[in-house]
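Fold and contact review
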Amino acid sequence: MKNRRITIALGHDALGTTLPEQQKAAARAAKAIADLVQDDCEIVITHSNGPQVGMIHTAMSEFHRLYKNYTATPMSVCSAMSQGYIGYDLQQAIRSELVGRGVYRTVSTILTQVAVDPYDDAFYHPTKIIGRVMSEAEAEEEEKKGNHVTRADGGYRRIVAAPTPLEIVELDAINALMDANQIVIAAGGGGIPVLRQGNRLKGASAVIEKDLIAGLLADGVNADQLIILTDVDCVYKDFGKENQEPIPGMTCAEAARYMEKGEFGMGNMQPKIQTAIQFVGDSDTRSVLITRLNSIREAILGQTGTVIRN
């Protein structure tokens, strides 16, 4: 593992939901990350922000509803807020863990923007539900602003697009910090989606799939390995059935055949497998490891987890 460059993607289960849960989860993640740092690995971390950005959006919307003189907070700003406070907890936890082991390394969080295509089909077919439950009248007001809403339990909720990420704007800064032997936290929550308008970057009312940005980030830093941490120890064949079988390893070609057969769930494991295939590509040196946070040490030793190679 020495001198390897690794991208770690922390999923929702590796971060918790409430602030106390998040701090405890960050401390657990820090132990696994510190193990890799002590193995002389170069580390960049990206993370989910599902419940966190939803809470921020709900809180800011409620604040605007109660105090009309305050401007409503755009989705892009809510994403930036989530990057800041999740990054803060992670870098504090990682630093504390490393200092406790006598290792002194700077941990930095990069507020990361990600360029998307303004004509991405996702903008015409938004699917991601966010924010609080609204009444019919409130939903109509949202639609008058040009936002999309959908029926939900108890009323209506807003939905936003999930466009494909094209470019990580701050990639040079991320690589520079990694080259300076820093541990970097970047592209949190998929990054802040932005649209290029001349020499400006305009925040988009959208979210980016976390698995897609993990692959783009890993490719952008030329990582040797992408580690995707999720809520299962490994990838399974016939998952959830009595005859489910763990898949300890597979080639990209085998993974593609499994997907063609509908082996992986569209909303959970399949995006991770698609990301793995895209990241590994035709490389003979790149790999993807999919496992649970608590199993990362065993997975690295080959005792659990799923490894995908060319």
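For the structure itself, look to the data block above.
Residues numbered from 1 in each chain as written. Predicted model: local features only at pLDDT ≥ 70, side-chain atom pairs only at ≥ 80, totals over all residues. Heavy atoms only, no water.

So, about unusual backbone geometry. In this structure, Asp40 takes a positive phi of about 70° despite not being glycine. Take Asp40: its relative accessible area is 41%, and that puts it in the partly exposed class. Even without glycine at this site, Asp238 takes up a positive phi of about 55°. Tracing the chain through its elements places Asp238 in the loop between strand S13 (235-237) and strand S14 (245-247). (Buried < 20%, exposed > 50% of the residue type's maximum accessible area, 1.4 Å probe, protein only. Helix = DSSP H or I, 4+ residues; strand = E, 2+ residues; numbered from the N terminus.)

Ranked by size, the top nonpolar core spans 44 residues in total, and within it Ile174, Ile273 and Val288 carry the most contacts. Broken down by secondary-structure element, the contributors of at least two residues to this core are strand S4 (113-116), helix H5 (171-179), helix H6 (210-220), strand S12 (225-230), S13, helix H7 (252-260), helix H8 (269-280) and strand S16 (287-292). At five residues, H8 tops the list of elements feeding residues into this core. Ignoring any residue separated from it by four or fewer positions in sequence, one finds Val288 in contact with Leu226, Ile228, Ala276, Phe279, Val280, Thr306, Val307 and Ile308. (Core = buried A, V, L, I, M, F, W, Y, C linked by side-chain atoms within 4.5 Å. Contact = heavy atoms within 4.5 Å.)

The end-to-end C-alpha distance of H8, which contains twelve residues, comes to 17 Å, matching closely the 16 Å that a straight helix rising 1.5 Å per residue would cover. Counting buried residues along H8, nine of its twelve residues qualify, which places the element largely inside the surrounding structure. Among the residues making up H8, those that are buried are Met269, Gln270, Pro271, Lys272, Ile273, Thr275, Ala276, Phe279 and Val280. Looking one or two residues past H8, Gly281 carries a phi angle of roughly 55°, positive in sign. (Expected span 1.5 Å × (residues − 1).)

On the basis of which strands lie adjacent, the open sheet formed by three strands has the order S5-S7-S6 and antiparallel pairing. Strands at the two margins of the open sheet, each flanked by one partner only, are strand S5 (128-134) and strand S6 (148-152). Neighbour-to-neighbour, the strand axes of the sheet open up by a mean angle of 35°, direction not taken into account. Here helix H2 (residues 50-66) sits on the sheet and contacts S5 and strand S7 (155-160); the angle it forms with S5, its principal contact strand, is near 40°. Helix-sheet contacts for helix H4 (residues 136-144) involve S5, S6 and S7, and the interaxial angle to S5 is about 135°. (Pairing = 2+ DSSP bridges. Axes fitted to C-alpha atoms, helices over the stretch in contact; angles between N-to-C directions.)

What follows is about a nonpolar patch on the surface. Taken together, the side chains of Phe63, Leu66, Tyr67 and Tyr70 present a nonpolar region at the surface, about 430 Å² in accessible area. Tracing the backbone shows Leu66 in helix H2. (Patch = residues over 30% accessible without salt bridge, like charges linked within 9 Å, V, L, I, M, F, W, Y side chains within 5 Å. Areas by Shrake-Rupley, 256 points an atom, 1.4 Å probe, with all protein chains shown as cover. Salt bridge = Lys/Arg side-chain N within 4 Å of Asp/Glu carboxyl O.)

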